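Read off the chains here:
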Amino acid sequence: MWGFWGAAAGSLPLLIAGILFHLEHSPTVELPRMAKDIQAQDEAFRSMNRTCFILGATGETGKELLKEIVGRRLFSKVTVIGRRKLPFQDETYEDVVQEVVDFEKLEDHAAAFQGHDVGFCCLGTTKAKSGEAGFIRVDHDYVLKSAQLAKAGGCKHFNLESTKGADKRSSFLYLRVKGEVEAEVEELDFERYSIFRPAVLLCDRQESRPAEWIARKMLAPVSYVFPTAFSVPVSTLVKAMLNNAVFQSDKKTELLENKAIHSLGKLQETKG
Ligand SMILES: NC(=O)c1ccc[n+]([C@@H]2O[C@H](COP(=O)([O-])OP(=O)(O)OC[C@H]3O[C@@H](n4cnc5c(N)ncnc54)[C@H](OP(=O)(O)O)[C@@H]3O)[C@@H](O)[C@H]2O)c1
């Protein structure tokens, strides 16, 4: 009897390693068309004079995304829409337009959502920070209302930062709400809709989030051996969002899982 349990316990690490190996080496979901020369793609995109807005530009993903956008000079006009003004010191941000809105009265701010070709939504909170109702308000209601106003304002390509495991049938609130909002935004029928489902974000977060901090610490050694299985650096995620945006796509809705995000976000490193 003990022999059986001993053997089972001994096999557990092997089993876990097997699962991780499978996750790491499972086939990547189909990526948008790959381009050898990202610079040429950027150049072609720039010549189209597209405009964009970012929701959540004060957050970890949003601020990195904004930095990458102004650095690559991809859009002729960049607008950040948020509940507070960002103090930009760097002159590279001097042309960024800031729209401060009251998310409880978004209808009153419809004008802020007008005239953007591309929208990036990196909004979100946590149940620990805002409570269950507050989480649903931000991650569902604010996101959906913003998407509706963006669509009405002429946005053609909407990018939503969701999460790994999002599923509208999930019994977990977080995953269910993310899955629901993904599906409801799809019903708005944007010309192009890209859903990003990153795993745990690797970033240098100042705000204290104990659960996320523990997850990051525990994942650090795993991420070293299996980099794409459970986590993604924010810098890789935002590159993936922009590399995806500069490619033409004939798909109306694109679902980019964590592994695809890694591949897309590292195109700059693999070119040539
Ligand atoms: N953290 C992770 O490991 C992880 C993993 C996968 C997916 N995600 C998802 O990715 C998205 C972005 O995550 P993140 O960690 O980059 O976000 P973050 O750093 O928490 O930033 C969230 C953004 O949403 C805004 N926001 C939050 N509550 C708000 C409210 N009540 N009214 C208006 N704006 C509000 C914040 O504005 P203020 O700065 O004004 O608060 C900030 O700009 C979220 O949807 C999250 O669920 C996160």
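Coordinates for the structure precede this section.
Residues numbered from 1 in each chain as written. Predicted model: local features only at pLDDT ≥ 70, side-chain atom pairs only at ≥ 80, totals over all residues. Heavy atoms only, no water.

Asks: Can you help me understand the site of the ligand in this one?
Replies: Taken together, 27 residues are adjacent to the ligand, and Thr58, Thr61, Arg84, Lys178 and Arg205 come closest. One of the side-chain N or O atoms of Arg83 is found 2.7 Å from an oxygen atom in the ligand. Elements with a minimum of two residues in the shell around the ligand: helix 3 (60-72), helix 4 (127-152), helix 5 (173-186) and strand 7 (200-202). Considering each element in turn, the shell around the ligand owes the most residues, three residues, to helix 4. In terms of residue class, the shell around the ligand is made up of ten nonpolar, eight polar and nine charged. (Near = heavy atom within 4 Å. Polar contact = N/O pair within 3.5 Å; in protein donor to acceptor, adjacent residues only side chain to side chain. Helix = DSSP H or I, 4+ residues; strand = E, 2+ residues; numbered from the N terminus. Nonpolar A, V, L, I, M, F, W, Y, C, P; charged D, E, K, R; others polar.)

Asks: So what exactly am I meant to see when it comes to a nonpolar patch on the surface here?
Replies: A cluster of nonpolar side chains, Trp213, Ile214 and Met218, forms an exposed patch at the surface whose accessible area comes to about 370 Å². Of note, Ile214 is situated in helix 6 (residues 210-225). When its relative accessible area of 43% is taken as the criterion, Ile214 is described as partly exposed. (Patch = residues over 30% accessible without salt bridge, like charges linked within 9 Å, V, L, I, M, F, W, Y side chains within 5 Å. Areas by Shrake-Rupley, 256 points an atom, 1.4 Å probe, with all protein chains shown as cover. Salt bridge = Lys/Arg side-chain N within 4 Å of Asp/Glu carboxyl O. Buried < 20%, exposed > 50% of the residue type's maximum accessible area, 1.4 Å probe, protein only.)

Asks: In this structure, what is going on with the pairing of strand 1 (residues 51-55)? I would like to understand it.
Replies: On a regular strand, one side chain projects to one face of the sheet and the next to the other, so that they alternate. Counting buried residues in strand 1 gives five out of five residues, a clear majority hidden from the surface. Across five bridges, strand 1 lies against strand 2 (residues 77-82) in parallel orientation. Among the inter-strand pairings, Phe53 is bridged to a residue of strand 2, identified as Thr79. With respect to chirality, the unit in which strand 1 leads through helix 3 into the neighbouring parallel strand 2 is right-handed. Judged from the four bridges that link them, strand 1 and strand 4 (residues 118-121) form a sheet pairing that is parallel. For Cys52, the partnering residue across the bridge sits in strand 4 and is Val118. (Pairing = 2+ DSSP bridges. Right-handed = clockwise from strand over helix to strand, strands pointing away.)

Asks: Can you walk me through the nonpolar core in this structure?
Replies: In globular proteins that are soluble, nonpolar side chains generally tend to be buried together. Residues Ile54, Leu65, Leu66, Ile69, Phe75 and Phe120 are the most contacted members of the largest nonpolar core, which totals 37 residues. Secondary-structure elements contributing two or more residues to this core are helix 2 (38-46), strand 1, helix 3, strand 2, strand 4, helix 7 (234-246) and helix 8 (258-265). With eight residues, the top contributor of residues to this core is helix 7. If we ignore the near neighbours within four places in the chain, the residues touching Phe75 are Phe45, Arg50, Thr51, Cys52, Ile69, Val118, Phe120 and Leu242. (Core = buried A, V, L, I, M, F, W, Y, C linked by side-chain atoms within 4.5 Å. Contact = heavy atoms within 4.5 Å.)

By themselves, these observations are geometric and do not establish any function.
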